[in-house]
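What the coordinates show
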Amino acid sequence: MEVLNAANRLEQDGAHVLHMEVGQPGAPIPDSVLKVAHDYLSSGRLGYTEAQGIPLLKKSIARYYKQTFGLTVPESRIFATTGSSAGFNLAFLAGFDRGDRIAITSPGYPAYRNIIEVLGLECVEIEVGPETRWSLTPEILEEVHNEKPLKGVLVASPANPTGTMMSPEALKALSEACEAMDLWFISDEIYHGLAYDMEEETALRFTDKAIIVNSFSKYYCMTGWRIGWMVLPEVLVRPVERIAQSLYISPPELAQVTAAAAFEAVADYEKIKAGYAANRQVLLDHLPQLGFDVLPVDGAFYVYAGVSNLTNDSMAFCRKMLAETHIAVTPGVDFDLTRGHQYMRFSFAGKESDIALAVERLKDWVK
Ligand SMILES: Cc1ncc(COP(=O)(O)O)c(C=O)c1O
């Protein structure tokens with residue numbers, strides 16, 4: 001937020017700021033999807049819907065699993081949510097009791113910790129590093145569980161901020177380990193659709209007991225529509241429904257109708273993704289020459305760059321970089337309180353011309 005505020009101030013003073021700090025797509029939704037929204041809005045009536053989402057959307061989500069992964073998912077286990085953010089609230093409230101422990105990885109998406117703690121649960125942050133491609137392994141999880149018994153674990157693949165993915169085998173091993181230890185396995189699949197070199201897999205393939213959280217925010221460019229979904233284990237369907245009914249009544253109707261149409265616009269979304277892929281290549285080609293330490297990015301739209309060759313305080317470095325190059329990026333401390341001062345996150349969800357310009361500005365700056 002500090003970087004964003006400083007960037008906004010610079011913009012107000014007329015600077016051309018390149019926004020590589022934002023975690024959302026720069027592109028609008030495709031015209032065909034927007035038209036569905038316009039037409040529905042013109043009907044003039046938006047109301048409450050079923051708590052778990054309208055049948056049209058649930059059917060489209062079931063079709064997505066069939067077409068993408070060849071999996072048959074009963075619509076009764078699909079639950080539309082107000083963004084994946086609401087999905088986490090519901091999963092934590094339905095599957096956990098006050099004081100229960102949930103493990104997450106560090107670095108990781110900072111809201112996980114905040115949601116877990118505000119709900120009175122204990123967040124156990126497990127440090128992961130480049131040696132496991134920033135992923136949690138069954139061995140590490142078991143070690144932590146033996147020391148401090150857990151009730152569940154939450155992982156994301158592709159991950160934020162690192163952009164790395166777990167291979168299908170690694171995901172299978174982790175989900176099986178969770179079943180063996182009787183832990184809830186929460187799989188944040190929000191960056192699905194945005195994989196570059198690696199095969200994408202859903203935890204649903206390996207178990208019916210995982211809680212799958214997904215969203216239309218990233219691949220489908222719908223952050224502001226606040227719409228996502230979960231696939232729940234059978235035993236959690238009714239508890240989640242009861243909690244969701246009271247907390248939210250239903251996700252927004254217009255967003256649900258529009259999201260169902262988004263599945264039909266894959267050709268447009270693939271074009272947007274091709275732009276991210278080009279951006280990713282530009283950053284992977286140039287950042288190492290500029291002194292940043294990077295791992296190949298498997299998915300999402302982030303590069304988590306090591307900056308220990310350039311600074312030992314990424315926050316100060318980000319401030320200076322913004323002031324002197326007008327490039328806004330996110331310091332690693334947002335994602336990892338202990339080691340984040342050695343890292344920063346570049347988002348490449350913006351325009352291709354902006355990424356090229358950012359590289360040019362950085363070349364002049366670090367020389
Ligand atoms: C890993 C991850 N999960 C979940 C979210 C929340 O997204 P939304 O509530 O828009 O679905 C984000 C947003 O940046 C994220 O990076």
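Residues numbered from 1 in each chain as written. Predicted model: local features only at pLDDT ≥ 70, side-chain atom pairs only at ≥ 80, totals over all residues. Heavy atoms only, no water.

**Observations concerning the overall build of the protein chain**
Along the backbone of the protein chain there are 12 helices and 12 strands. In summary, the protein chain has a C-alpha radius of gyration of 20 Å against a globular reference of 21 Å for 367 residues, a match within 12%. Taking the principal axes of its C-alpha atoms as reference, the protein chain extends roughly 60 × 55 × 35 Å. A burial count over the protein chain gives 55% of its 367 residues as buried. Sequence separation of 24 or more characterises 74% of the internal contacts of the protein chain that already satisfy a separation of 6 or more. Taken as a whole, the protein chain presents about 15600 Å² of accessible surface, with 51% of it coming from carbon and sulfur. (Helix = DSSP H or I, 4+ residues; strand = E, 2+ residues; numbered from the N terminus. Rg over C-alpha atoms; globule rule 2.2 N^0.38 Å. Buried < 20%, exposed > 50% of the residue type's maximum accessible area, 1.4 Å probe, protein only. Contact = heavy atoms within 4.5 Å. Areas by Shrake-Rupley, 256 points an atom, 1.4 Å probe, with all protein chains shown as cover.)

**What about the site of the ligand?**
Not every one of the 14 residues close to the ligand is listed here, only the nearest: Ser85, Asp188, Ser215, Ser217 and Lys218. At 2.8 Å, a side-chain N or O of Asn160 approaches an oxygen atom of the ligand. Residue Lys218 places a side-chain N or O atom 2.7 Å away from an oxygen atom belonging to the ligand. Contact with the protein chains hides 92% of the accessible area of the ligand, taken as 400 Å² for the molecule alone. (Near = heavy atom within 4 Å. Polar contact = N/O pair within 3.5 Å; in protein donor to acceptor, adjacent residues only side chain to side chain.)

**Quick notes on the packing of helix 6 (residues 138-147) against helix 7 (residues 168-181)**
Helix-helix packing: each pair is described by the crossing angle between the helix axes and the interaxial distance. Remark: helix 6 packs on helix 7, axes separated minimally by 9 Å, with the N-to-C direction vectors making an angle of 25°. Of the possible angle classes, the one that applies to helix 6 and helix 7 is roughly parallel. As for the relative orientation of helix 6 and helix 7, their crossing is right-handed in sense. Taken together, the residues of helix 7 that come into contact with helix 6 (itself represented by Pro138, Leu141, Glu142 and His145) are Ala173, Leu174, Ala177, Cys178 and Met181. (Axes fitted to C-alpha atoms, helices over the stretch in contact; angles between N-to-C directions. Parallel < 35°, antiparallel > 145°, perpendicular 65-115°, else oblique. Left-handed = near helix turned anticlockwise from the far one by under 90°.)

**Side note on the domain arrangement of the protein chain**
Interface size is commonly expressed as the accessible surface area that is lost when the partners come together. We note that the domain assignment places domain 1 (2-29 + 267-365) and domain 2 (44-264) within the protein chain. One C-alpha centre belongs to domain 1, the other to domain 2; they are set 26 Å apart. Of the roughly 2900 Å² buried where domain 1 meets domain 2, counting both sides, 56% is carbon and sulfur surface. Together, Tyr269, Asp298 and Phe335 form the three largest contributors to the area buried by domain 1 at its contact with domain 2, with a combined 25%. (Domains from an automatic or database assignment. Buried area = accessible area lost by both parts, 1.4 Å probe.)

**Comments concerning unusual backbone geometry**
The peptide bond linking Ser157 to Pro158 adopts the cis configuration, its omega dihedral lying at -5°. The topology assignment puts Pro158 in the loop between strand 5 (152-156) and helix 7. A positive phi angle, close to 65°, is found at Ile249, a residue other than glycine. On the secondary structure map, Ile249 appears in the loop between helix 8 (234-247) and helix 9 (253-262). Here His326, not a glycine, exhibits a phi torsion of approximately 60°, which is positive. Looking at where His326 falls in the secondary structure, it is placed in the loop between helix 11 (314-325) and strand 10 (327-328). Residue classification places His326 among the partly exposed positions, given a relative accessible area of 23%.

**Here's the deal with the side chain of Arg113**
Here Arg113 is to be found in helix 5 (residues 110-118). Residue class for Arg113 comes out buried when judged on its relative accessible area of 14%. Residues in contact with Arg113, not counting those within four places in the same chain, are Ile104, Cys123, Glu125 and Leu337.

**With respect to the packing of aromatic side chains**
As enumerated under the stated definition, the model contains 30 aromatic pairs in all. Judged by centre distance (5.3 Å) and plane angle (55°), the rings of Phe216 and Tyr220 are tilted. Judged by its relative accessible area of 0%, Phe216 is buried. Its relative accessible area of 6% is what places Tyr220 among the buried residues. Relative to Phe301, the ring of Tyr276 lies with its centre 5.4 Å away and its plane at 70°, an arrangement referred to as edge-to-face. Here the residue Tyr276 occupies a position in helix 10 (residues 266-286), and Phe301 occupies one in the loop between helix 10 and strand 9 (302-306), the gap between them amounting to 25 residues. Take Tyr276 and Phe301: they sit in the same class, and that class is buried. (Phe/Tyr/Trp six-rings, centres within 6.5 Å; stacked < 30°, edge-to-face > 60°.)

**Digging into the sheet that holds strand 9**
Read from one edge to the other, the open sheet built from 3 strands follows the order 9-12-11, with strand pairing classed as antiparallel. At either end of the open sheet lies a strand with only one pairing partner, and these are strand 9 and strand 11 (330-331). The pairing of strand 11 with strand 12 (residues 343-347) spans 2 bridges and is classified as antiparallel. Within strand 12, the residue paired with Pro331 across the bridge is Met344. Helix 11 contacts strand 11 and strand 12 of the sheet and is inclined by roughly 45° relative to strand 12. (Pairing = 2+ DSSP bridges.)

**A closer look at the pattern of salt bridges**
Under the definition given, this model contains 19 salt bridges. Measuring nitrogen to oxygen at the nearest pair gives 2.8 Å for the salt bridge that ties Lys35 to Asp39. One end of the pair is Lys35 and the other is Asp39, both in helix 2 (residues 31-42) and 4 residues apart, which spans about a single turn. Of the charged contacts in the structure, one is a salt bridge between Lys59 and Glu75, with a shortest N-O distance of 3.8 Å. Here Lys59, found in helix 3 (residues 55-69), pairs with Glu75, found in the loop between helix 3 and strand 2 (78-81); they are 16 residues apart in sequence, far enough to count as distant. Under the relative-accessibility criterion, Lys59 is labelled partly exposed at 43%. For Glu75, a relative accessible area of 30% translates into the label partly exposed. (Salt bridge = Lys/Arg side-chain N within 4 Å of Asp/Glu carboxyl O.)

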